[in-house]
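# Overview (structure and organization)
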Amino acid sequence: MKPKLFSIVDFIKLESSSAIILLIMAMFALIAANSGLSDMYYGFLDTNIRVGIGSFEISKPAVLWINDGLMAIFFFLVGLEIKREVLTGELSNWKQASLPIFAAIGGMALPALVFFYFNVDSPETLKAWAIPMATDIAFALGILSLLGRRVPVALKIFLLAVAIIDDIGAIIVIAIFYTSELSVNALTLSMLGFALAATLNRIGVKVIAPYLLVGLFMWACVLKSGVHATLAGVLIAFTIPMKEGDHSFFNRIEHGLHPWVAFLVLPLFAFANAGVNLSRVTLASIMAPLPIGIIAGLLIGKQIGVVGMSWITVSLGIAKRPQGMTWIHIWGVACLTGVGFTMSLFIGSLVFDSVQMMNYVRLGVLTGSLLSGILGYSILRTISLKKSSTKPTKNKVNH
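Residues numbered from 1 in each chain as written. Predicted model: local features only at pLDDT ≥ 70, side-chain atom pairs only at ≥ 80, totals over all residues. Heavy atoms only, no water.

Our focus in this paragraph is the environment of Y211. The residue Y211 is located in helix α9 (residues 208–225) in this model. On the accessibility criterion, Y211 (2% relative accessible area) is buried. Not counting chain neighbours up to four residues away, the residues in contact with Y211 comprise A197, L200, N201, V205, I236, T239, I240, P241 and F249. For Y211, the side chain forms a polar contact with the main-chain oxygen of V205, separated by 2.8 Å. (Helix = DSSP H or I, 4+ residues; strand = E, 2+ residues; numbered from the N terminus. Buried < 20%, exposed > 50% of the residue type's maximum accessible area, 1.4 Å probe, protein only. Contact = heavy atoms within 4.5 Å. Polar contact = N/O pair within 3.5 Å; in protein donor to acceptor, adjacent residues only side chain to side chain.)

The next thing to look at is helix α11 (residues 248–273). Think of an α-helix as 3.6 residues a turn; residues three or four steps apart then line up on the same face. Here α11 is 26 residues long and its end C-alpha atoms lie 35 Å apart, about the 38 Å a rise of 1.5 Å per residue gives. Of all the bends found along α11, the most pronounced is centred on V261 and spans about 45 degrees. (Expected span 1.5 Å × (residues − 1). Bend = angle between axes of the 7 residues up to and from the residue.)

The next point concerns the packing of aromatic side chains. This structure, assessed with the given rule, holds 13 aromatic pairs. With 5.1 Å between their ring centres and 85 degrees between their planes, W129 and F177 make a pair best called edge-to-face. In this pair, W129 is assigned in the loop between α5 (123–126) and α6 (137–145) and F177 in helix α7 (residues 153–177), connecting sequence segments 48 residues apart. Look at W129 and you get partly exposed, because its relative accessible area is 24%. Relative to F341, the ring of F139 has its centre 5.0 Å away and its plane inclined at 90 degrees; by these criteria the two rings are edge-to-face. (Phe/Tyr/Trp six-rings, centres within 6.5 Å; stacked < 30°, edge-to-face > 60°.)

Attention now goes to the environment of Q356. Assignment of secondary structure puts Q356 in helix α16 (residues 355–389). Q356 sits in the exposed class, given a relative accessible area of 52%. Through-space distance from the C-alpha of Q356 to that of N277 is 9.2 Å; in sequence the pair is 79 residues apart.

What follows concerns a nonpolar patch on the surface. A cluster of nonpolar side chains, contributed by W94, W311, I312, L316 and I318, occupies part of the molecular surface with about 560 Å² of accessible area. Following the sequence through the fold, W311 ends up in helix α13 (residues 289–315). (Patch = residues over 30% accessible without salt bridge, like charges linked within 9 Å, V, L, I, M, F, W, Y side chains within 5 Å. Areas by Shrake-Rupley, 256 points an atom, 1.4 Å probe, with all protein chains shown as cover. Salt bridge = Lys/Arg side-chain N within 4 Å of Asp/Glu carboxyl O.)

At a minimum axis distance of 10 Å, the contact between α6 and α7 shows a crossing angle of 170 degrees. Considering the angle they form, α6 stands roughly antiparallel to α7. Of the residues in α7, those in contact with I137, A140, L141 and L144 of α6 are L155, K156, L159, L160, A163, I164 and D167. Here the residues of the contact of α6 with α7 sort into nine nonpolar, no polar and two charged. (Axes fitted to C-alpha atoms, helices over the stretch in contact; angles between N-to-C directions. Parallel < 35°, antiparallel > 145°, perpendicular 65-115°, else oblique. Nonpolar A, V, L, I, M, F, W, Y, C, P; charged D, E, K, R; others polar.)

Here the focus is the layout of surface pockets. Looking at the largest pocket, its volume works out to about 710 Å³. Along the wall of the largest pocket there are 29 residues; nearest its centre are V63, L64, S349, F352 and D353. Those elements that place two or more of their residues in the lining of the largest pocket are α2 (38–46), β2 (56–61), α3 (62–87), α11, α15 (341–351) and α16. Across the lining of the largest pocket, the residue classes tally to 15 nonpolar, nine polar and five charged. Forming the boundary of the second largest pocket are 24 residues, of which L23, F139, L366, S369 and L370 lie nearest the centre. Sorting the residues of the lining of the second largest pocket by element identifies α1 (8–33), α6 and α16 as the ones contributing at least two each. Ranked by the residues each element gives to the lining of the second largest pocket, the list is headed by α16, at eight residues. In terms of residue class, the lining of the second largest pocket is made up of 17 nonpolar, six polar and one charged. (1 Å grid on protein atoms, 1.4 Å probe; cavity = no way out; pocket = protein on both sides within 12 Å on 5 of 7 lines; lining within 4 Å. Points joined across faces, edges and corners; volume = space filled by probe spheres on them.)

So this is what it looks like as structure tokens:
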């Protein structure tokens, strides 16, 4: 019996459930950071964990094991999703991919420019320009799924495609701009690992264990190289075999991994990174360059970027607006792309080591994401209710 293909419906169902769990874990983190549990919460995050073999060792606090280690599994899944969409999905041909590609480019560029505007006179925070560029697939699709069948399927596919392209952009940005001093030897070893995994693909190996072993080796090498270790997850994902007409091995891995990422990896990340200390939060602190730049980037930059680039490319005939999708639909989705959360917090953790600066980041990301999610949902719900109310109703005949 052939394994069931992992469809977009399955994907959206999982992302919707994951969004609820993420929200709960973020609330737990906020409660823990602002109650009598704070010492226990921060003590857990600061617990040092050491893993070593001989002279080689990795010693990190628990929060970094989550951000560098478990998130590599998330990036592995992102890599699988990117490969699937590029080879056989919504990004497999230019006609389908053109609109979300340009929309995503606008949705990355404008938030960065908005952030730059608010932080141009603050060199310390200017390096965080990439934080509002990101979109959280789980939360964005989760919010959209609350509307059920009242929104066109094409809209869900459009949001998914934009979010995946956003992820590609975030991966490139992390690799180029958030890499510390490079260790050429460690990076060379990781590339040798990648070549070995590509060879396994080439000779048709369809057993997961060899890829996992090579992936662990690559992760350790990339960690020591100065490039962020999670990128090893993306690279190893690209080597997983996915031949046309025979996706069983690839789909089995993706289908099996999704629940672990949705219900363990991302919730743990949310719990470890969403704990904003609210004791010193004032209007002045929210209006500081870093948080207001993030909030404005997510809430305003995303809307202008996604809608603006979509309108320009459709007007020029470069892309085509899918049937059944209005400009108000695209506006609503543009707001939902401003739900940055996971990836935005992740990029923030790469930029800042300071507890105070990360508190500003969390404040900006949570506020901007919440406002974007509420606005996007309100717009799409309003248009769906108007649409349903204008449908002709059959007159009842009394006998």
